[in-house]
Amino acid sequence: AVSAERDMRASQERFISLFENNPAATMVLSLDTRRVVNTNAALKRLLGYPPDQLLGREPPEFWVHPAEHRSFRAMLKAQGRVTNLRARLRRQDGSEIDAAVFANVVKQDHERLLMIMALDVSAEEKSRRELKLSEERFSKAFNFSPLGMLITRASDGLFIEANPANERVIGWSQDELKGRTSVDVGVWVSDQDRKECLQTMRRDGRLQGYETHMRTRR
């Protein structure tokens, strides 16, 4: 009996250590009372709430978007856990962060507990939004430019993209060009011009104002 009690105490100490040192902001709720049972130091760092403002109380409204909270509850009800749900959370000071939310239902004695964890992914989400914006800007500049534009692969010259203006200039559509090279299509009138163009590109990394003759689809 003494040995079993010692093992139980050691197990509890390990759990407490893991809980307190978990880098994810963690909160434990009683599903029976809807009250906060425990929080760790990472939660205070991430969301700004000290334990004495949460313990024994209903949790504040962390969710910025109600639809994400509904998704959280629906996932929890259907699967008994939540994995990597992206959500916008509100800090105590009113500022907002992007987070990856995890949750799991556990039983302790006769009580059902909900353990919720959140990781700050604001930097990742910002990079993703900036990349999307950059791609949208490039797409608009490329597709709506009055100049014929082509993107080819440097290693073998395969056409990757062609804008609508390019089809009006040389007559080949993007579908007709994709996966082919300028040699396959026969757009160069002079192969010497093509070689000089490539040599300049490889030497200088750019080509500007290069005058040549090219062959249209007609």
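In this report, we go over the structure that sits alongside the text. Predicted, not measured: the structure shown is a model, and the values here were computed from it.

Conventions and cut-offs
- Residues numbered from 1 in each chain as written.
- Predicted model: local features only at pLDDT ≥ 70, side-chain atom pairs only at ≥ 80, totals over all residues.
- Heavy atoms only, no water.
- Helix = DSSP H or I, 4+ residues; strand = E, 2+ residues; numbered from the N terminus.
- Buried < 20%, exposed > 50% of the residue type's maximum accessible area, 1.4 Å probe, protein only.
- Pairing = 2+ DSSP bridges.
- Axes fitted to C-alpha atoms, helices over the stretch in contact; angles between N-to-C directions.
- Salt bridge = Lys/Arg side-chain N within 4 Å of Asp/Glu carboxyl O.

**Description of the environment of glutamine 108**
Residue position: glutamine 108 is located in strand 4 (residues 96–108). Its relative accessible area of 45% is what places glutamine 108 among the partly exposed residues. Residues glutamine 108 and glycine 148, spaced 40 residues apart in sequence, show a C-alpha to C-alpha distance of 68 Å.

**A closer look at the sheet that holds strand 1 (residues 25–30)**
Strand order in this open sheet of 5 strands is 2-1-5-4-3, and the pairing throughout is antiparallel. The open sheet has two edge strands with one neighbour each: strand 2 (36–39) and strand 3 (81–90). Adjacent strand axes in the sheet meet at a mean angle of 25° when their direction is disregarded. Relative to strand 5 (residues 111–120), strand 4 is paired through 10 bridges, and the arrangement is antiparallel.

**Some details on the pattern of salt bridges**
Counting across every chain of the model gives 10 salt bridges. Among the ionic pairs, arginine 88 bridges to aspartate 98, the shortest N-O distance being 2.9 Å. Here aspartate 98 lies in strand 4 and arginine 88 lies in strand 3, a separation of 10 residues in the sequence. Here arginine 88 falls in the partly exposed class, since its relative accessible area comes to 22%. Residue classification places aspartate 98 among the buried residues on the basis of a relative accessible area of 9%. A salt bridge links arginine 217 to glutamate 176, with the shortest nitrogen-to-oxygen separation between them at 2.8 Å. Of the two residues, arginine 217 sits in the segment after helix 8 (191–204) while glutamate 176 sits in helix 6 (residues 174–177), which places them 41 residues apart along the sequence. Classification of arginine 217 as partly exposed rests on a relative accessible area of 48%. Take glutamate 176: its relative accessible area is 27%, and that puts it in the partly exposed class. If you follow the salt bridges from partner to partner, you end up with Arg88, Glu96, Asp98 and Arg129 in one network.

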